[in-house]
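Given next are the chains, with one letter for each unit.
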Amino acid sequence: MLSPIDLYRQHEPGFERYQALLLKWNEKINLTAITDPAEILDKHFLDSLAILPALSRWLPNVSRETFFPEALRIAVLDIGSGAGFPGLPLKIVAPHVELTLVDSVKKKCDFLKEVVRTLGLESVQVLHQTLKGQTIGPYDLILTRATFDLKSYLELAFPNLKPGGRIVAMKGAECAQELKDSEGVLEKLGLRPWESSPYEIPVSKAPRQLLMTRL
């Protein structure tokens, strides 16, 4: 499959409009501390797209040899989406994904809706809520990027997981204590131990890891 950089280049006009909106709205509300365009590309867009190679291994009924984002037709939930990462970059390169973005801050949800409208993205739902005690699923794939500790994330994600689905967390290179703290929740919910896939952000080479669990 194409690399995150190649995928970005294929859809560069959409990402450029996204970046322009991000910088404009960031002057009014706190969306990101990263405002240099090169860093937005690396630490937001390319980092979000880094999930795709792992999905080619983790999703059921997918062949790594023939995997390409345009063929993805799954329901995805991005919890604590903030400025839209990783859900919106994934949607830009995988247009047939049915995406739900959830955030507890209304102004961030307003921003997400503006990006969806400006880019003409279809099958995207933006919800202003916390998901605590709420079920809005089921979803094939549930994502978050460094928003929650793993224990709290599992408790929000699990009620919305479709049978056969995957829960994925994007984390820094070191989260050993979080992994340990989440073991009891995994066992209680009947989920498998975390499977880790280390990676580097393409330009800065900063180390990260993807974590996946399922029933």
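Here's what I pulled together on the structure shown here. What you see is a predicted model, and the numbers here were worked out from it, not measured in a lab.

**Overview of the layout of surface pockets**
Stage number 1. By volume, the largest pocket is sized at about 260 Å³.
Stage number 2. Of all the secondary structure elements, the ones that give two or more residues to the lining of the largest pocket are α3 (37-49) and β5 (161-172).
Stage number 3. Looking at the lining of the largest pocket residue by residue, the classes come out as eight nonpolar, seven polar and four charged.

**Focus: the environment of S123**
Stage number 1. Here S123 lies in the loop between α6 (106-119) and β3 (124-128).
Stage number 2. The class for S123 is partly exposed, based on a relative accessible area of 48%.
Stage number 3. Here the alpha-carbon distance between S123 and P13, two residues 110 residues apart in the chain, equals 20 Å.
Stage number 4. Apart from the residues lying within four places of it in its own chain, the contact partners of S123 are K91, V97, E98 and L99.

**Some details on the pattern of salt bridges**
Stage number 1. For the structure shown, the criterion picks out seven salt bridges.
Stage number 2. In this structure, R145 engages D47 in a salt bridge whose closest nitrogen and oxygen atoms are separated by 3.0 Å. Taken together, the positions of R145 in strand β4 (residues 139-145) and D47 in helix α3 put the pair 98 residues apart, joining distant regions of the chain. D47 carries the same exposure label as R145, and that label is buried.
Stage number 3. Of the charged contacts, one joins D140 and K162 as a salt bridge, the two residues approaching to 3.3 Å between their closest N and O atoms. Of this pair, D140 sits in strand β4 while K162 sits in strand β5, placing them 22 residues apart in sequence.
Stage number 4. When its relative accessible area of 28% is taken as the criterion, K162 is described as partly exposed.

**Concerning the packing of helix α2 (residues 12-26) against α6**
Stage number 1. Between α2 and α6, the least distance of the axes is 10 Å, while the angle of their chain directions is 150°. By the angle between their directions, the pair α2 and α6 is classed as roughly antiparallel. The handedness of the crossing between α2 and α6 is right-handed. From α2, G14, R17, Y18, L21, L22 and W25 reach across to α6, where they touch K107, D110, F111, E114, V115, T118 and L119.

**Let's talk about the nonpolar core**
Stage number 1. Residues Y18, L52, L88 and F111 are the most contacted members of the largest nonpolar core, which totals 51 residues.
Stage number 2. If one sorts the elements of this core by residue count, α6 sits on top with six residues.
Stage number 3. Discounting residues that sit within four places of it in the chain, L52 has contacts with M1, L7, F67, P69, L72, L90 and V93.
Stage number 4. Grouped together as the second largest cluster of nonpolar side chains are 23 residues, L154, A169, C175 and W194 included.

**Describing the packing of aromatic side chains**
Stage number 1. Scanning all chains against the criterion turns up eight aromatic pairs.
Stage number 2. When the centroid spacing of 5.5 Å and the interplanar angle of 25° are considered together, the rings of Y18 and F85 count as stacked. Remark: F85 occurs in the loop between β1 (75-79) and α5 (87-93) and Y18 occurs in helix α2; sequence separation between them is 67 residues. In this structure, Y18 and F85 share a single accessibility class: buried.
Stage number 3. Both rings, one in Y18 and one in F111, keep their centres 6.5 Å apart while their planes meet at 35°; by these two values the pair is tilted. Residue Y18 is located in helix α2, and its partner F111 is located in helix α6; the two are separated by 93 residues in the primary sequence.
Stage number 4. The class of F111 is buried, set by a relative accessible area of 0%.

**Notes on helix α7 (residues 150-157)**
Stage number 1. Residues L150, Y153, L154, L156 and A157 constitute the buried set of α7. Down the axis of α7, the smallest arc covering the buried residues is 165°, so these residues share one side.
Stage number 2. Buried positions along α7 lie against β1, β4, β5, α8 (176-189) and β7 (207-213).
Stage number 3. Backbone nitrogen of K151 and a side-chain oxygen of the N-cap are separated by 3.2 Å at the start of α7; the cap is D149.

Reading guide: rules and limits
- Residues numbered from 1 in each chain as written.
- Predicted model: local features only at pLDDT ≥ 70, side-chain atom pairs only at ≥ 80, totals over all residues.
- Heavy atoms only, no water.
- 1 Å grid on protein atoms, 1.4 Å probe; cavity = no way out; pocket = protein on both sides within 12 Å on 5 of 7 lines; lining within 4 Å.
- Points joined across faces, edges and corners; volume = space filled by probe spheres on them.
- Helix = DSSP H or I, 4+ residues; strand = E, 2+ residues; numbered from the N terminus.
- Nonpolar A, V, L, I, M, F, W, Y, C, P; charged D, E, K, R; others polar.
- Buried < 20%, exposed > 50% of the residue type's maximum accessible area, 1.4 Å probe, protein only.
- Contact = heavy atoms within 4.5 Å.
- Salt bridge = Lys/Arg side-chain N within 4 Å of Asp/Glu carboxyl O.
- Axes fitted to C-alpha atoms, helices over the stretch in contact; angles between N-to-C directions.
- Parallel < 35°, antiparallel > 145°, perpendicular 65-115°, else oblique.
- Left-handed = near helix turned anticlockwise from the far one by under 90°.
- Core = buried A, V, L, I, M, F, W, Y, C linked by side-chain atoms within 4.5 Å.
- Phe/Tyr/Trp six-rings, centres within 6.5 Å; stacked < 30°, edge-to-face > 60°.
- Arc of directions from axis to C-beta.
- Polar contact = N/O pair within 3.5 Å; in protein donor to acceptor, adjacent residues only side chain to side chain.

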